[in-house]
Amino acid sequence: MSSWFDDLKTPRFKNAESTQKVAKIPEGLWGKCPSCGEIIQTRQLQENQSVCPECDHHLRISASERIASLTDENSFVPYGEGFRSNDPLKFDDQKPYAARLEQAIRSHKINDAFISGKGTCEGIPFHLGVFEFKFMGGSMGVVVGEKITLVLEGALKDRVPAVVVSASGGARMQEGILSLMQMAKTSAVIDRLRQEGIPYISILTDPTTGGVAASFAMLGDVILAEPRALIGFAGPRVIEQTIRQKLPEGFQRSEFLLKHGFVDRIVHRKNMKSELHQFFKIFGNRCQYNK
Ligand SMILES: [Zn+2]
């Protein structure tokens, strides 16, 4: 039985004006946190570098947002932008690879899943490469491998640190063995950096898996990870089916990897730039800015 008080709480007649206002809110103004489900204003989320203000969940961000968060304003100069895969295997599954590429290039306005360039971090010059996960799941083919190599070689030539931020599903299957070769190619340059004492810092973000996790991403002099990022080679289901065992809680998340010695440090997105700067100073004794 409803009382006069209930009626007050839930007015039977909706205010026409207020309903109109609700309908007018443009799409994309509000977003839902995939972790805690909280509804957050998009602007508020952007101001917070896409970290949920309620539960601190680090949402995936684009390569350009990442670059902006790690470099000094207007310091980043990209290179290798024109590189495009020429579909060497003429691969075709449900849809030709060439068509998939074309579609990805058109919708993301970049030629492949990686942005490479040079910038400064609190005044210190460095070479930076960042995966664009939205572009074919951040998969690594010939172009991505070449651009990672350019970042590492650029650092070697200029004697400044190299940083690669990974967000990838692994090797690009449409480029078959050629994509797997990028694992060896990138790892070989890292060895040259090591011989020269030039620091290479790897930042693992959600998700870092497959051939990327199995090569340069895990070869950093320092390996940093964002909180709760998925990091691993094969997916948990595949592993469970293979070893016929239940995997432990939190398996393949940053915190688990830190505990087991695969990651050096978990860094909050807001602190990543200042931590990078600290590492550049600590490990930069053979770099040009310390001369
Ligand atoms: Zn949240």
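Residues numbered from 1 in each chain as written. Predicted model: local features only at pLDDT ≥ 70, side-chain atom pairs only at ≥ 80, totals over all residues.

Caption draft 1: Examining the overall build of the protein more closely. Secondary structure summary: the protein contains eleven helices and ten strands in total. Taken along its principal axes, the extent of the C-alpha atoms in the protein is 80 × 50 × 45 Å. In the protein, which comprises 291 residues, the share counted as buried stands at 35%. Considering only contacts in the protein between residues 6 or more positions apart, those separated by 24 or more positions represent 68%. (Helix = DSSP H or I, 4+ residues; strand = E, 2+ residues; numbered from the N terminus. Buried ≥ 20, exposed ≤ 12 C-beta atoms within 10 Å, placed from the backbone. Contact = placed C-beta atoms within 7 Å.)

Caption draft 2: Region of interest: helix α11 (residues 272–283). Under the 1.5 Å per step criterion, the end-to-end length of α11 is 16 Å for twelve residues, consistent within 8% with the ideal 16 Å. Taken as a whole, α11 has its buried residues at M272, L276, F279 and F280. Each buried residue of α11 sits inside an arc of 105° when the element is viewed along its axis, so together they form one side. Facing away from the buried side of α11, by more than 90 degrees, are the exposed residues S274, Q278 and I282. Its buried side turned inward, α11 meets α4 (63–70), β4 (114–121), β5 (124–131), β6 (162–168), β7 (200–209) and β8 (222–225). (Expected span 1.5 Å × (residues − 1). Arc of directions from axis to C-beta.)

Caption draft 3: Seen up close, the packing of helix α6 (residues 142–158) against helix α7 (residues 176–196). At a minimum axis distance of 9 Å, the contact between α6 and α7 shows a crossing angle of 5°. One way to sum up the angle between α6 and α7 is to call them roughly parallel. Only L178, S179, Q182, K185, T186, V189, I190, R192, L193 and E196 of α7 make contact with α6, whose side of the interface consists of V142, V144, G145, I148, T149, L152, E153, A155 and L156. Residue composition of the contact of α6 with α7, grouped by class: ten nonpolar, five polar and four charged. (Axes fitted to C-alpha atoms, helices over the stretch in contact; angles between N-to-C directions. Parallel < 35°, antiparallel > 145°, perpendicular 65-115°, else oblique. Nonpolar A, V, L, I, M, F, W, Y, C, P; charged D, E, K, R; others polar.)

Caption draft 4: Inspection of the nonpolar core at higher detail. In terms of nonpolar packing, the biggest core is built from 52 residues, with F131, L152, A162, V163, L204, A225 and L276 touching the most fellow members. In terms of residue count, α6 provides more of this core than any other element does, seven residues in total. When sequence neighbours within four positions are dropped, the list of residues in contact with V163 reads F126, L128, I201, I203 and L276. (Core = buried A, V, L, I, M, F, W, Y, C linked by C-beta atoms within 7 Å.)

Caption draft 5: Up close: the environment of F114. Following the sequence through the fold, F114 ends up in strand β4. You can call F114 buried: it has 29 C-beta atoms within 10 Å. Measuring from C-alpha to C-alpha, the distance between F114 and V165 comes to 9.6 Å, with 51 residues separating the pair along the chain. Those residues within four positions of F114 in sequence are excluded, and the remaining contacts are G129, F131, E132, V144, K147 and I148.

Caption draft 6: How the structure looks around the domain arrangement of the protein. Parsing the protein into structural domains produces domain 1 (17–58) and domain 2 (60–290). Each of domain 1 and domain 2 has a C-alpha centre, and the two are 29 Å apart. Counting from both sides, the interface comprises five residues of domain 1 and, opposite them, nine residues of domain 2. Counted by class, the side of domain 1 that touches domain 2 contains one nonpolar, four polar and no charged residues. (Domains from an automatic or database assignment.)

Caption draft 7: Molecular detail of the pairing of β6. Counting buried positions along β6 yields seven of seven residues, so the element is predominantly enclosed. The parallel pair β5 and β6, bridged by α6, forms a crossover whose chirality is right-handed. Note on the crossover from β6 through α7 to β7: the handedness is right-handed. (Right-handed = clockwise from strand over helix to strand, strands pointing away.)

Caption draft 8: Expanded view of the environment of G129. As for its position among the elements, G129 is in strand β5. For G129, a count of 27 C-beta atoms within 10 Å corresponds to the buried category. As for G129 and A98, which are separated by 31 residues in sequence, their C-alpha atoms are 24 Å apart.

Caption draft 9: Structural context of α6. With 17 residues, α6 extends 24 Å from end C-alpha to end C-alpha; this agrees with the ideal 24 Å at 1.5 Å per step. Every buried residue belonging to α6 is among V142, V143, V144, G145, K147, I148, T149, V151, L152, G154 and A155, and all of these are buried. The secondary structure elements touched by the buried residues of α6 are β4, β5, β6, α7 and β7. Positioned one or two residues after α6, R159 has a phi angle of 55°, which is positive.

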